[in-house]
Amino acid sequence: MDAQKFGPGRVRPADHAGLLSGPVRREPAGGLPEGLLTTEPGPAAWPPVPVRTGRLVLRASEARDRAVFIELFASPKVGAYLGGPRPREELERTVPAVPGRRPGLFVAELDGAMIGMVTFDRRGAERPGHIRPEAGEAELGYLFLPRAWGCGYAAEACAAALGWFAEAHPGEPVVLAAQAANARAVRLAVRLGFTEVERFREWGAEQWFGVWSPAPPPG
């Protein structure tokens, strides 16, 4: 895999808890934005039909994924640009039976087992980095296990998730932010088609902020 990041380049422990919780909730300033697909009808209903790629399946989380959620958030490598790992003992105690069961979170499955996740959330108005005055843009994030790095799984999963998003939310752009120091994350963003909009400082580090727009229909 080319990079590991979620939403902003550095996420605090409260944000990790938001990812692991079941129901979607509103977080205070600096926390995880409200889940993306809470009330939208039609093709955006959740969970969607699983999305299949050449090697992966993107699906809603299940109870069998709990150990992998814990492994992700306890990993020092995964947490390098996310504010550090969470204590495994804490995760074992607090992670629900079905973690991440919320609108906007895809589990990435390889050969029947979870190897990571791709997420969509609304970027909070209190955060820096926006492309529209009212804020609330859809924001892409992802996390993958270290043993899955270097194989292109993040690119494959994110590209498929963006394709799903373009069908579920026609014409709506997606934003992505990563620490500028996380060169792999920035390279992957560009590879996925994100165009740099600006850079700013948040959580004590420079952030790269880009936007992806779905291709217009032919004709």
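Residues numbered from 1 in each chain as written. Predicted model: local features only at pLDDT ≥ 70, side-chain atom pairs only at ≥ 80, totals over all residues. Heavy atoms only, no water.

1. Points about the sheet that holds strand E2 (residues 56-59)
Cut-off, in case you're wondering: The pairing criterion for strands is at least two bridges between them, as found by DSSP. The way it works is that DSSP assigns letters per residue, a run of H or I at least four long becomes a helix, a run of E at least two long becomes a strand, and they are numbered from the N terminus.
Read across the open sheet, the eight strands follow the order E1-E2-E3-E4-E5-E6-E8-E7; overall the sheet is mixed. Each of the sheet's edge strands pairs with one partner strand only, and the pair in question is strand E1 (51-52) and strand E7 (195-202). As judged from the four bridges shared by E2 and strand E3 (residues 105-110), these two strands associate in the antiparallel manner. If you follow Leu-58 over to E3, its bridge partner there is Ala-108.

2. Some remarks on the nonpolar core
Test applied: We define a nonpolar core as any set of buried Ala, Val, Leu, Ile, Met, Phe, Trp, Tyr and Cys residues linked to one another through side-chain atoms lying within 4.5 Å. Type-normalised accessible area, obtained with a 1.4 Å probe on protein chains alone, sets the label of each residue: buried when under 20%, exposed when over 50%, and partly exposed for intermediate values. A contact between two residues is defined here by any heavy atoms of the two lying within 4.5 Å.
Core analysis: the largest hydrophobic core is formed by 36 residues, its most contacted members being Val-118, Phe-120, Leu-140, Phe-144 and Phe-194. Looking at this core, the elements that each hand over two or more residues are E2, E3, strand E4 (113-122), strand E5 (138-144), helix H4 (153-168), strand E6 (174-179), helix H5 (183-192) and strand E8 (205-212). Residues within four places of Phe-194 in sequence aside, it is in contact with Leu-140, Leu-162, Val-174, Val-175, Leu-176, Ala-189, Trp-208, Gly-210, Val-211 and Trp-212.

3. Quick look at the pairing of E2
Residues of E2 alternate between two faces, with Leu-56 and Leu-58 on one and Val-57 and Arg-59 on the opposite face, all of them buried. The sheet contact formed by E1 and E2 spans two bridges and is antiparallel. Across the sheet, residue Arg-52 finds its bridge partner in E2, namely Val-57. The hairpin formed by E1 and E2 contains three residues between the paired strands.

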